[in-house]
Amino acid sequence: MRRDAWWIQPLVVFTVLLGFVVYATWAAFQNANYWYGPYLSPFYSPELFGQSPHALLGPKPSWWPGWLMFSPALLILPFPGLFRVTCYYYRGAYYKAFWADPPNCAVGEPRKSYLGERTFPLIVQNIHRYFLYVALVFLVILSVDVWKALWFPTPIGGREFGIGVGTLVLAANVVFLSCYTLGCHSLRHMVGGFHDELSKHRAEQVAYDCASCLNRWHMRWAWTSLLSVAFCDVYVRMCAMGIWRDFRIL
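Starting afresh in each chain, residues are numbered from 1 along the sequence in its written order. Totals for whole chains, interfaces and linings use every residue, but because this is a predicted model, local features are given only for residues with pLDDT of at least 70 and side-chain atom pairs only at 80 or more, for both listing and counting. Note that the side-chain values use all heavy atoms of the structure and ignore hydrogens as well as water.

Chemist: Please explain the overall build of the chain as it appears in this structure.
Modeler: We count a stretch as a helix when DSSP gives it H or I for four or more residues in a row; a strand needs E for two or more, and each element gets its number in order from the N terminus. Broken down by element type, the chain carries nine helices and four strands. Taken from the N to the C terminus, the helices and strands of the chain come in the order α-β-β-α-α-α-α-β-β-α-α-α-α. Considered along the principal axes of its C-alpha atoms, the chain spans approximately 70 × 50 × 40 Å. We call two residues in contact whenever any of their non-hydrogen atoms come within 4.5 Å of each other. Residue pairs at least 24 apart in sequence account for 65% of intrachain contacts in the chain once pairs closer than 6 positions are excluded. Using a 1.4 Å probe, the Shrake-Rupley method yields the accessible areas, and only the shown protein chains count as cover for residues. Total accessible area computed for the chain in this model is approximately 14,300 Å², and 68% of it derives from carbon and sulfur atoms. His is not counted here, nor are the chain ends, while Lys and Arg score as positive and Asp and Glu score as negative. By convention, the point assigned to a charge is CZ for Arg, NZ for Lys, CD for Glu and CG for Asp. Between the mean site of the 20 positive side-chain charges and the mean site of the 13 negative ones, the chain shows a separation of 4 Å.

Written as structure tokens, this is what we have:
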């Protein structure tokens, strides 16, 4: 039996993941302070309906039920959220931290039977490869947000090119998310891993090798991108509330 402090890692994972879920849920229901000038929180992007200038389809539609709470984030967050929840790395992380299945390597489980992912509901984890396609679309959307974050409003109602700290924060988030998404196990399979003899397909082997290179740090990219998404929302929110000042670099 393990006599070292094996419980520290799952405890840290539990704390960080729970903290992110609590904050993301709170932020999604706020429906306020999610944009500042050209900056838009990634929790709310793309903003389909909303009260900010970034809304693609205008304000909240009249057909929205009055008794149902509205927030632009609730319309889009489930899609990137399900990509992360079904991720191969995150499965192992929250299985250990939240379900003790298993608590850690060579540590006994608090049960006698094991069904794995062959039955409902865990068999639904197989939809991960399909949410990958959605995650790739979100990378494009967030990249467009970075482009928009380069154009600041002028006093006469126009736009001028510039770079603020917020621009760099949003750009770094896209980099981290790209490293996490493009190193996904499912993407490796999609770009060439399905071949029996990958060496006979040069272009696909190059793509596979690039994805594999990112995949070697998949755990680090997973945590870095998770924290960067949350920090982006915090940064935009603090600037919108007047607590932080966004400094213009250029």
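Past the structure itself, the notes keep going.
Chemist: Which parts of the structure should I look at to understand unusual backbone geometry?
Modeler: Phi is mostly negative for residues that are not glycine, and the peptide bonds are mostly trans. With omega at 0°, the peptide bond leading from Ser 45 into Pro 46 counts as cis. Note on placement: Pro 46 falls in the loop between strand S2 (39-40) and helix H2 (72-76). Positive phi is not limited to glycine here, since Asn 33 has a value of about 60°. Along the chain, Asn 33 turns up in the loop between helix H1 (8-30) and strand S1 (35-36). Although it is not a glycine, Ala 106 adopts a positive phi angle of roughly 60°. Along the polypeptide, Ala 106 turns up in the loop between helix H4 (88-99) and helix H5 (128-148). Whether a residue is buried, partly exposed or exposed follows from its accessible area with a 1.4 Å probe, protein chains only, as a fraction of its type maximum: under 20%, in between, or over 50%, in that order. Overall, the relative accessible area of 71% leaves Ala 106 in the exposed class.

Honestly, it's all geometry; don't read function into it.
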